[in-house]
2 protein chains.
Amino acid sequence: MNVTLRGRTQHFRTVTFDAARNSVLLIEQRLLPHEFRVVAMRDFRETAGAIRDMIVRGAGAIGATAAYGLAQGARAFRGKDPEKFSAHVENVFQVLKSARPTAVDPVNAMKDVLREMARGETIAEKQSLALAAAEEFANEDARHCEAIGRHGQKLIRSGSRVLTHCNAGWLAFVDVGSATAPMYAAQAAGKKFHVWCDETRPRSQGATLTAWELAQQKISHQIIADNAAGHLMQRGKIDLVIVGSDRTLGRTGEVTNKIGTYTKAVLAARHKIPFYVAIPLSTIDWNLKSGFEIPIEERSESEVLGAWGVVEHPKSFGRAYVRVANPASGACNPGFDVTPAELITGIITPAGIFKPGELWKHRRKLGFSN
Amino acid sequence: MNVTLRGRTQHFRTVTFDAARNSVLLIEQRLLPHEFRVVAMRDFRETAGAIRDMIVRGAGAIGATAAYGLAQGARAFRGKDPEKFSAHVENVFQVLKSARPTAVDPVNAMKDVLREMARGETIAEKQSLALAAAEEFANEDARHCEAIGRHGQKLIRSGSRVLTHCNAGWLAFVDVGSATAPMYAAQAAGKKFHVWCDETRPRSQGATLTAWELAQQKISHQIIADNAAGHLMQRGKIDLVIVGSDRTLGRTGEVTNKIGTYTKAVLAARHKIPFYVAIPLSTIDWNLKSGFEIPIEERSESEVLGAWGVVEHPKSFGRAYVRVANPASGACNPGFDVTPAELITGIITPAGIFKPGELWKHRRKLGFSN
């Protein structure tokens, strides 16, 4: 999507590949929203480090990064022995996989690349096919998000006031994003609307990443405290809610997403405001039978007890963590929650918009091959 | 309530009076939770400044501070001319009133003091009656909070997990607090329970003030992001909600309180969790006929766009504001919301616990004299 640097607007993807330098190029997301910088990962170990240290985050984005990283590693092989090449590629795969051991997207993305590589006969052919497969993975991620946008933009009218939570934007994918895709498509269709951007404590991805995206894209928006949406709904100031999802149960329509999503769904239901979830197909889990089977990650107390930001002080030294809370108190910090299907108006997918209870019926269309 | 300083536990009130030095003693609340300090206001202008600059905040606490400030000003008069004394007292009243021009508590408290003073004949008598009236105002505030505790503690059982929002604690009153009163009384009755303490963005009074109070009182508690309560309710981890109120409509039972209160009430209703509001009588508004008549204060954007805390950095310079949000984005910051009576299980008052819809029926008991 668009980024304006020194007055000049350019198009960027979260992840791209520089074939001449065999480098993965990433937006350094830890510096956002305070600084925009593209960094080059010059070998697969650096690429794995970027995934581990969260220079890049978000399901689609780390999938594409791992796919490019595998191609990068394969292309760096200089020998002629096919067995040594295979062992090398296996090592690259393991190093990239272990960067975020619980994430499924990097593994699925790299399996796509390995499958394509198997079609080559020579090492050179395999290297070439690896890069083509990684490019195709990234392009497909962007196409899927664009399709979410095409379907979802119909929900937004000129004058709509749309609430979103956390960051399910283009920074979490290769481009366009999931929850943001309908907004970008509606803007492209000439509609004027306003976005309420939940701060999304404790990590504040709404106030930092989503607000940055919307500002770059010149979409009207305001950040609100997570506490404020209920009041705005009560006063008739929210017309539509669109959020993303980390895992959606194909059998039940339950949605796991950033902590606080469930609360917004409960409020929307009370006020009869449509509540939509935008998802790429890769986040559908066709196995689990209940949201209560999903383990909810307990994250660090320090996220709740303080905040990261840029210090506004004459002696400022830039970005810092401030301890907000009482020093003698602890915190409880569940990272995600589960929203039941009954509170969800529809799931926006690349294949269309479906009722949450009907994902299973449409599972073929949604890429479930069993 | 209790504060432990250098290993020694002492009892403190938010506001007290040093008659020998004619000084109002206040806990410097802007330094909490990072530092505990009692500061002396040596004349009524300093006392007015403390109210204006929010060294002291909270309805009961600023009421008592103004009452003491009026007595302090009256006692500082050194002449013998009754007319000059009256003019002086009127000036003291106006200076203290203008410190927080929209607050009703200081004015009501000072009218109590003036009424008592009118019973004296000499200047010396009036000065003496002023201090006695201010002391009585402070004592009554504390007694009312204790009565809220006596009624409300029955709702808390050993093992209960209680959610509270913002700070309706003893720091907002002379002592004991409103929403915290049932907790302190339950603890005194030997019950063991756990408090979930909402962070309460954007000003974080839960993470700072309420958590500090509970820690000083050695009550088991954890701070949670405002986003987390819905998830905890869904997983059966909250048994009871108790919050305070800035204004309660006597005719409808609607409750105005810190932004986010309404959201907690909606969640509690969905999960059939009792939702109680603890109030001193002074916050009941017997005139308004609808919560929609209550103007909702729009507060500064900077509260939402950043956070105050102590910088954790080798070169730290102590308390500072950090900008968290995207620098090019604005915010919307409503300070309060209105919770309808249908979502409130009961209102805990010094005179007992009432259904929100029955306040009007019990208005005599609740101090409404019309």
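All values reported here derive from a predicted model rather than from experimental measurement.

### What about the environment of Cys166(A)?
All names here are of chain A. In this structure, Cys166 sits in the loop between β6 (161-164) and α6 (181-188). The buried category is assigned to Cys166, whose relative accessible area is 7%. Along the primary structure Cys166 and Asp112 are separated by 54 residues, whereas in three dimensions their C-alpha atoms are 29 Å apart. Excluding residues within four positions of it along the chain, Cys166 makes contact with Asp198, Thr200, Gln205, Gly206, Thr210 and Lys258.

### Examining the interface of chain B and chain A
Where the parts come together, the accessible area they lose is often given as the size of the interface. With 70 residues of chain B at the contact, the number on the chain A side is 70 residues. Each partner contributes to the roughly 5,700 Å² buried at the junction of chain B and chain A, and carbon and sulfur atoms together form 59% of this total. Counting the contacts that link chain B with chain A gives four salt bridges. With its nearest N and O atoms 2.6 Å apart, the salt bridge here joins Arg201(B) to Glu199(A). Here chain B and chain A share 31 residue pairs in polar contact (both at pLDDT 80 or more) between them.

### Digging into the nonpolar core
Formed by 62 residues in total, the largest nonpolar core has its most connected members in Ile238(A), Val241(A), Ile238(B) and Val241(B). Leave out the neighbours within four places in its chain, and Val241(B) touches Leu163(B), Met233(B), Ala268(B), Ile273(B), Pro274(B), Phe275(B) and Tyr276(B).

### Examining the relation of the copies chain B and chain A
Overlaying chain B with chain A gives an RMSD of 0.1 Å, the required rotation being 180 degrees about an axis along which the chain moves by 0.0 Å. Taken together, the rotation and translation describe the operation of a two-fold axis. Of the residues that chain B buries at the interface, 100% are likewise interface residues in chain A, meaning the two copies contact each other through the same surface.

### Some points on the sheet that holds strand β15 (residues 319-323) of chain B
Taken in spatial order, the four strands close into a barrel running β14(A)-β15(A)-β14(B)-β15(B), and their pairing is antiparallel. Ignoring strand direction, the axes of neighbouring strands in this sheet form an average angle of 70 degrees. Here strand β14 (residues 306-312) of chain A pairs with β15(B) via three bridges, running antiparallel. Directly across from Glu312(A), in β15(B), lies its bridge partner Tyr321(B).

### Focus on helix α1 (residues 44-52) of chain B
Residue and element names in this part refer to chain B. Regarding α1, the residues found buried are Phe44, Thr47, Ala48, Gly49, Ala50 and Ile51. On its buried side, α1 packs onto β4 (23-27), β5 (38-41), α2 (59-75) and α3 (82-97). Looking one or two places after α1, you find Met54, whose phi comes out positive at around 60 degrees.

### A few points about the state of the cysteines
Applying the stated criterion across every chain yields a total of zero disulfides over all chains. In this structure Cys332(A) is not part of a disulfide, and its nearest cysteine sulfur, from Cys197(B), lies 12 Å away. We classify Cys332(A) as buried; its relative accessible area is 8%.

### Thoughts on the confidence of the model for chain A
Overall, the predicted model of chain A reaches an average pLDDT of 95, with 99% of residues at or above 70. At the level of chain-chain contacts, confidence expressed as ipTM amounts to 0.94, with global pTM at 0.94.

### Description of the packing of aromatic side chains
Under the counting rule described, the total for this entry stands at 18 aromatic pairs over all chains. With centroids separated by 5.2 Å and ring planes inclined at 65 degrees, the aromatic side chains of Phe77(B) and Phe85(B) adopt a geometry described as edge-to-face. Both residues of the pair, Phe77(B) and Phe85(B), belong to the buried class. Summarising the aromatic geometry, the rings of Trp286(B) and Phe368(B) are spaced 4.9 Å apart at their centres and angled 25 degrees between planes, so their arrangement reads as stacked. Here the residue Trp286(B) occupies a position in the loop between β13 (284-285) and α10 (301-305), and Phe368(B) occupies one in the segment after β19 (352-354), the gap between them amounting to 82 residues. Using a relative accessible area of 13% as the deciding quantity, one classes Phe368(B) as buried. Here the basic side chain of Arg363(A) rests over the ring of Trp360(A), its NZ or CZ set 4.3 Å away from the ring centre.

Reading the values: rules and limits
Residues numbered from 1 in each chain as written. Chains lettered and ligands numbered in written order. Predicted model: local features only at pLDDT ≥ 70, side-chain atom pairs only at ≥ 80, totals over all residues. Heavy atoms only, no water. Helix = DSSP H or I, 4+ residues; strand = E, 2+ residues; numbered from the N terminus. Buried < 20%, exposed > 50% of the residue type's maximum accessible area, 1.4 Å probe, protein only. Contact = heavy atoms within 4.5 Å. Buried area = accessible area lost by both parts, 1.4 Å probe. Salt bridge = Lys/Arg side-chain N within 4 Å of Asp/Glu carboxyl O. Polar contact = N/O pair within 3.5 Å; in protein donor to acceptor, adjacent residues only side chain to side chain. Core = buried A, V, L, I, M, F, W, Y, C linked by side-chain atoms within 4.5 Å. Least-squares fit on C-alpha atoms with pLDDT ≥ 70 in both. Pairing = 2+ DSSP bridges. Axes fitted to C-alpha atoms, helices over the stretch in contact; angles between N-to-C directions. Disulfide = S-S within 2.5 Å. pLDDT = per-residue confidence, 0-100. Phe/Tyr/Trp six-rings, centres within 6.5 Å; stacked < 30°, edge-to-face > 60°. Lys NZ or Arg CZ within 6 Å of the ring centre and 35° of its normal.

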